[in-house]
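If you want the building blocks of each chain, they are given just below.
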Amino acid sequence: MRTHLCAELDEKDIGKEVRLCGWTNSYRDHGGVIFIDLRDKSGLVQLVADPENGQSIETAKLVRNEFVLIAHGIVRARGEGLENPKLKTGKIEVLLHALHIENKSLTPPLVVGDENVSEELRLRYRYLDLRNPRAYEIFALRSKAAIAARNALDALGFLEVETPILTKETPEGARDYLVPSRIHNGEFFALPQSPQLFKQMLMVSGFDRYFQIAKCFRDEDLRADRQPEFTQIDVEMSFCTQDDVMRVCEQLLYAIFGACGVEIPQQFERMTWQHAMEHYGSDKPDLRFDMPLVEVKECFIDCENAIFANIAKEADSRIKALKVSGGDTFYTRKTLGELEEFVRKFGAKGLAYLQFREGEIKGPLLKFLSQTSLARLRELVQPQNGDIVFFGAGAKAVVWDYMGRLRLKIADDMKLFDPKSWRFLWVVDFPMFEYNEEGALTPLHHPFTMPKNLDVSNPTAALSLSYDVVLNGVELGGGSIRIHHEDMQSQVFELLKISKEQAELKFGFLLEALRYGAPPHGGFAIGFDRLVMLLARASSIREVIAFPKTQKATCLLTGAPSPVGETQLRELHIRLREHNKKES
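Asker: Which residues make up the packing of helix H4 (residues 133–155) against helix H6 (residues 242–259), and what are the values?
Answerer: Where H4 meets H6, the closest approach of the two axes is 8 Å, and the angle between their N-to-C directions is 140°. Taken together, the axes of H4 and H6 lie oblique to each other. Considering only the axes of H4 and H6, their crossing is right-handed. Seen from H4, the contacting residues are Lys 144, Ala 145, Ala 148, Ala 149, Ala 152 and Leu 153; seen from H6, they are Val 248, Leu 252, Ala 255, Ile 256 and Ala 259. Grouping the constituent residues of the contact of H4 with H6 by class yields 10 nonpolar, no polar and one charged.

This is the structure:
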């Protein structure tokens with residue numbers, strides 16, 4: 001039906017007879033000569049319908065946007081001064097011999113490729129939005145990355161195994177999507193948050209090296225760039241150390257990026273979780289720019305400001321300084337006020353600062369600091385003329401959070417990094433446990449992670465054999481060495497207040513498997529959607545998912561989720577309770 005894709009044509013094809021297929025991107029009537037921009041997955045080419053060819057000109061007069069066309073013609077050079085440098089095919093055009101309208105289109109509700117169209121409209125008519133050649137480029141990149149991942153892992157001796165989608169409800173940190181069973185009255189399947197337990201049992205089975213490009217599901221509270229269903233590259237291996245697993249992940253990412261035309265290091269920098277939090281206020285620090293947080297609590301012990309002095313004396317508090325080179329000339333009084341409002345949203349009581357200028361220091365904190373403290377502060381922070389130093393003080397976790405966010409905002413405001421650069425990092429030695437808002441001990445990753453140094457009398461001091469891989473301040477994925485002894489797994493469950501009865505009910509199949517000679521094993525998972533988003537330099541994860549959900553977890557294209565009929569509910573033994581507005 002066709003001999004070429006539209007954007008494959010160039011000057012070497014001049015004089016060739018070609019057949020092209022695609023959609024009308026635009027059409028123009030210039031005094032009887034009609035120009036049509038024909039679009040397919042490769043891009044655009046200009047068709048010319050000349051009055052000398054009666055059939056093609058009469059058909060061309062009927063053409064409208066998004067009509068499906070089949071064109072037959074001769075490639076020729078554009079006239080002098082008529083070239084279009086914005087198009088790959090801008091130096092040539094196709095003079096039509098014949099034109100056939102294969103299918104008409106209603107007037108489209110959006111112009112394909114128009115960046116000003118609302119995302120809501122684009123998702124409602126996603127099949128039109130995907131006609132944009134840029135969308136095709138993204139999914140071609142996604143396909144290339146998936147193929148490279150499979151090839152790399154196959155070469156490393158990994159076996160691709162599919163694990164169940166209908167499985168058992170387990171508490172892995174987020175809510176499960178539940179699927180009612182028609183056959184088993186009152187019982188439910190769950191959609192997997194990850195293949196975690198199945199891949200561990202494959203290691204018990206002796207499969208040694210497993211991988212899967214897996215669909216996962218989490219009924220999480222909604223966030224800007226989260227999807228209720230997502231894809232991850234899931235990997236597990238036996239008889240390995242943490243270094244072995246991390247090396248495989250580096251090889252995998254090196255292969256994926258290389259296949260997509262990007263050269264990255266073969267080994268990534270490493271940083272402990274504690275160092276990342278203390279110096280960057282984040283467990284996924286962006287290292288494309290410098291500007292670390294500096295601990296300066298010692299400079300405020302004798303501070304005349306009671307708030308800072310009291311915080312300085314507390315054992316679990318922090319006073320962090322953030323030096324911004326050139327910041328004093330960049331930020332005005334107004335924008336400094338905006339920065340203060342920004343950090344207040346994340347728990348800060350305010351934002352103190354000192355401005356370092358030629359021969360003087362200014363700022364609201366200056367009058368509270370002794371000359372000795374100021375000298376020590378200068379020694380620690382090393383400010384230069386034109387710099388501004390911000391201070392965050394308070395509880396450790398709160399200060400880390402808002403000062404880390406402030407660091408990122410300032411870097412974005414001042415354009416302190418090259419957006420085209422790639423900076424990989426391993427963050428290791430995460431705490432094994434943390435306390436949640438209700439005061440209950442919870443695993444920082446998941447309860448199957450191997451602790452490095454477990455002391456049941458002080459569980460929050462324990463570190464874990466876990467690791468996250470970070471790219472440009474985005475967590476790409478992570479993993480851990482798993483617990484492979486039943487007694488250790490039971491001890492962790494006991495610390496988490498999971499009773500033996502609950503453990504058997506939720507994880508009995510795993511505990512039983514560990515009794516049959518489980519090898520030491522570990523693995524990782526890479527968020528594939530997020531990886532492709534970064535590779536494609538897309539602004540949202542929804543751009544790299546063919547048919548994504550909205551921020552409210554709905555599909556505007558299909559109308560899902562949607563009500564179901566009474567007959568189907570009855571078959572599933574489900575009765576809906578009326579929503580009580582007073583209760584809500």
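Asker: Which residues make up the pattern of salt bridges, and what values go with them?
Answerer: The full count for this structure, using the stated rule, is 39 salt bridges. Here Asp 13 ties to Lys 16 by a salt bridge, and the two come within 3.0 Å at their closest N and O atoms. With a relative accessible area of 3%, Asp 13 lands in the buried category. Note on Lys 16: relative accessible area 37%, which makes it partly exposed. Within this structure, Asp 10, Lys 12, Asp 13 and Lys 16 form a network of salt bridges that share partners.

Asker: Would you mind going over the packing of helix H10 (residues 333–344) against helix H12 (residues 396–414) in detail, with residue names and values included?
Answerer: Running from N to C, H10 and H12 point in directions that differ by 140°, and their axes come no closer than 10 Å. As the angle between them shows, H10 and H12 are arranged oblique. H12 is crossed by H10, and the crossing has right-handed handedness. Between H10, through Leu 339, Phe 342 and Val 343, and H12, the contact on the second element is made entirely by Tyr 402, Arg 405, Leu 406, Lys 409 and Asp 413.

Asker: Kindly report on the environment of Glu 578, identifying the contributing residues and their values.
Answerer: Structurally, the position occupied by Glu 578 is in the segment after helix H16 (566–571). Placed 558 residues apart in sequence, Glu 578 and Leu 20 show a C-alpha to C-alpha distance of 57 Å.

Asker: Any details on the packing of aromatic side chains? Residues and values, ideally.
Answerer: Tallying each qualifying case throughout the model produces 17 aromatic pairs. Ring plane angle 25° and centroid distance 5.0 Å describe the contact between Phe 300 and Phe 308, whose orientation is recorded as stacked. Side by side, Phe 300 and Phe 308 carry an identical accessibility label, which is buried. Between Tyr 353 and Phe 390, the ring centres sit 6.3 Å apart and the planes meet at 65°, which makes this aromatic pair edge-to-face. With Tyr 353 in strand E14 (residues 352–357) and Phe 390 in strand E16 (residues 388–395), the pair connects residues that are 37 residues apart, well separated along the chain. According to the relative accessible area criterion, Phe 390 is buried, its value standing at 0%. Taken together, the ring pairs connect Phe 257, Phe 268, Trp 422, Phe 424, Trp 426 and Tyr 467 into an aromatic cluster. A cation over an aromatic ring shows up here: Arg 124 above the ring of Tyr 125, its NZ or CZ 4.5 Å from the ring centre.

Asker: Just give me the short version of the environment of Pro 431, but keep the residues and values in it.
Answerer: With respect to the helices and strands, Pro 431 occurs in the loop between strand E17 (424–428) and strand E18 (433–435). Residue Pro 431 is classed as buried on the basis of its relative accessible area, which comes to 11%. Distance in space between the C-alpha atoms of Pro 431 and Ala 461 is 7.1 Å, their sequence separation being 30 residues. Those residues within four positions of Pro 431 in sequence are excluded, and the remaining contacts are Trp 273, Leu 444, Ala 462, Leu 463 and Ser 464.

Asker: Explain the pairing of strand E1 (residues 17–30) to me, using residue names and the numbers behind them.
Answerer: Pairing of E1 with strand E4 (residues 68–77), which is carried by seven bridges, proceeds in the antiparallel orientation. By the bridge assignment, Arg 19 is partnered in E4 with His 72. The turn joining E1 and strand E2 (residues 33–40), which pair antiparallel and follow one another in sequence, is formed by two residues; a positive phi near 60° is taken by Gly 31.

Rules and cut-offs
Residues numbered from 1 in each chain as written. Predicted model: local features only at pLDDT ≥ 70, side-chain atom pairs only at ≥ 80, totals over all residues. Heavy atoms only, no water. Axes fitted to C-alpha atoms, helices over the stretch in contact; angles between N-to-C directions. Helix = DSSP H or I, 4+ residues; strand = E, 2+ residues; numbered from the N terminus. Parallel < 35°, antiparallel > 145°, perpendicular 65-115°, else oblique. Left-handed = near helix turned anticlockwise from the far one by under 90°. Contact = heavy atoms within 4.5 Å. Nonpolar A, V, L, I, M, F, W, Y, C, P; charged D, E, K, R; others polar. Salt bridge = Lys/Arg side-chain N within 4 Å of Asp/Glu carboxyl O. Buried < 20%, exposed > 50% of the residue type's maximum accessible area, 1.4 Å probe, protein only. Phe/Tyr/Trp six-rings, centres within 6.5 Å; stacked < 30°, edge-to-face > 60°. Lys NZ or Arg CZ within 6 Å of the ring centre and 35° of its normal. Pairing = 2+ DSSP bridges.

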